[in-house]
Amino acid sequence: MQPLGFKLDEFIKNDISRIGTGKEIVIQILLHRDWWFILDEYNFGKELSIKDSQHGDWKEASFKAEDSRRVREWLWGLEQGVIIQKPKWLREEYKSKLKTIQSHYNG
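Please read all numbers here as calculations on a predicted model, not as lab measurements. (Residues numbered from 1 in each chain as written. Predicted model: local features only at pLDDT ≥ 70, side-chain atom pairs only at ≥ 80, totals over all residues. Heavy atoms only, no water.)

### Thoughts on the pattern of salt bridges
This structure, assessed with the given rule, holds 9 salt bridges. Measuring nitrogen to oxygen at the nearest pair gives 4.0 Å for the salt bridge that ties glutamate 60 to lysine 51. Each of Asp67, Arg72 and Glu93 takes part in a single network of salt bridges with overlapping partners. (Salt bridge = Lys/Arg side-chain N within 4 Å of Asp/Glu carboxyl O.)

Here you go:
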């Protein structure tokens, strides 16, 4: 149950951090097995690299892309199936947003 007055859809829509900077960045993620199919279906931009990781159900993927709403929404959409490794500032931004959302549901 969400708290009175808090609307998750509006929070997401109005979150300025979802727009992106427009700069080209290198994104490195761990992608869970449930999402591996997306590596064949999504246009990752430039220089996609995929490696097995030390964590059996995860693959490491890195790619260059414009820091855009499209990329950020894609990352959010992967939910618990993605761990952002780099850039560190993006990982920290997502952690902060998740804490904010979680705080609205604790209680």
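### Some points on the environment of tryptophan 89
Note that tryptophan 89 resides in helix H4 (residues 88-105). Discounting chain neighbours no more than four positions away, the residues touching tryptophan 89 are Ile25, Asp67 and Arg72. (Helix = DSSP H or I, 4+ residues; strand = E, 2+ residues; numbered from the N terminus. Contact = heavy atoms within 4.5 Å.)

### So, the packing of aromatic side chains
Counted by the stated rule, this structure contains 3 aromatic pairs. Centre to centre, the rings of tryptophan 35 and phenylalanine 37 are 5.8 Å apart; their planes meet at 25°, and the pair counts as stacked. Judged by relative accessible area, which is 24%, tryptophan 35 ranks as partly exposed. Arranged with centres 4.7 Å apart and planes meeting at 25°, the rings of tryptophan 76 and tyrosine 94 form a pair that is stacked. Placement of the pair is tryptophan 76 in helix H3 (residues 69-77) and tyrosine 94 in helix H4, with a sequence separation of 18 residues. (Phe/Tyr/Trp six-rings, centres within 6.5 Å; stacked < 30°, edge-to-face > 60°. Buried < 20%, exposed > 50% of the residue type's maximum accessible area, 1.4 Å probe, protein only.)

### Side note on unusual backbone geometry
Residue lysine 86 is joined to proline 87 through a cis peptide bond whose omega torsion reads 0°. Inspection of the secondary structure puts proline 87 in the loop between strand E4 (82-86) and H4. A positive phi angle is found at glutamate 79, which is not glycine, with a value near 50°.

### Describing the side chain of lysine 59
Relative to the helices and strands, lysine 59 resides in strand E3 (residues 58-66). In terms of polar contacts, lysine 59 uses its side chain to reach the side chain of aspartate 52, at 3.4 Å. With residues near it in sequence (within four places) discarded, lysine 59 still touches Ile29, Leu30, Leu31, Trp36, Leu39, Ile50, Lys51, Asp52 and Ser53. (Polar contact = N/O pair within 3.5 Å; in protein donor to acceptor, adjacent residues only side chain to side chain.)

### What about the pairing of strand E1 (residues 24-32)?
Judged by how many residues are buried, E1 sits mostly within the fold: 7 of 9 residues are covered. Two elements, E1 and E4, share 4 bridges in a ladder whose sense is antiparallel. When the bridges of E4 are listed, glutamine 28 appears paired with lysine 86. (Pairing = 2+ DSSP bridges.)

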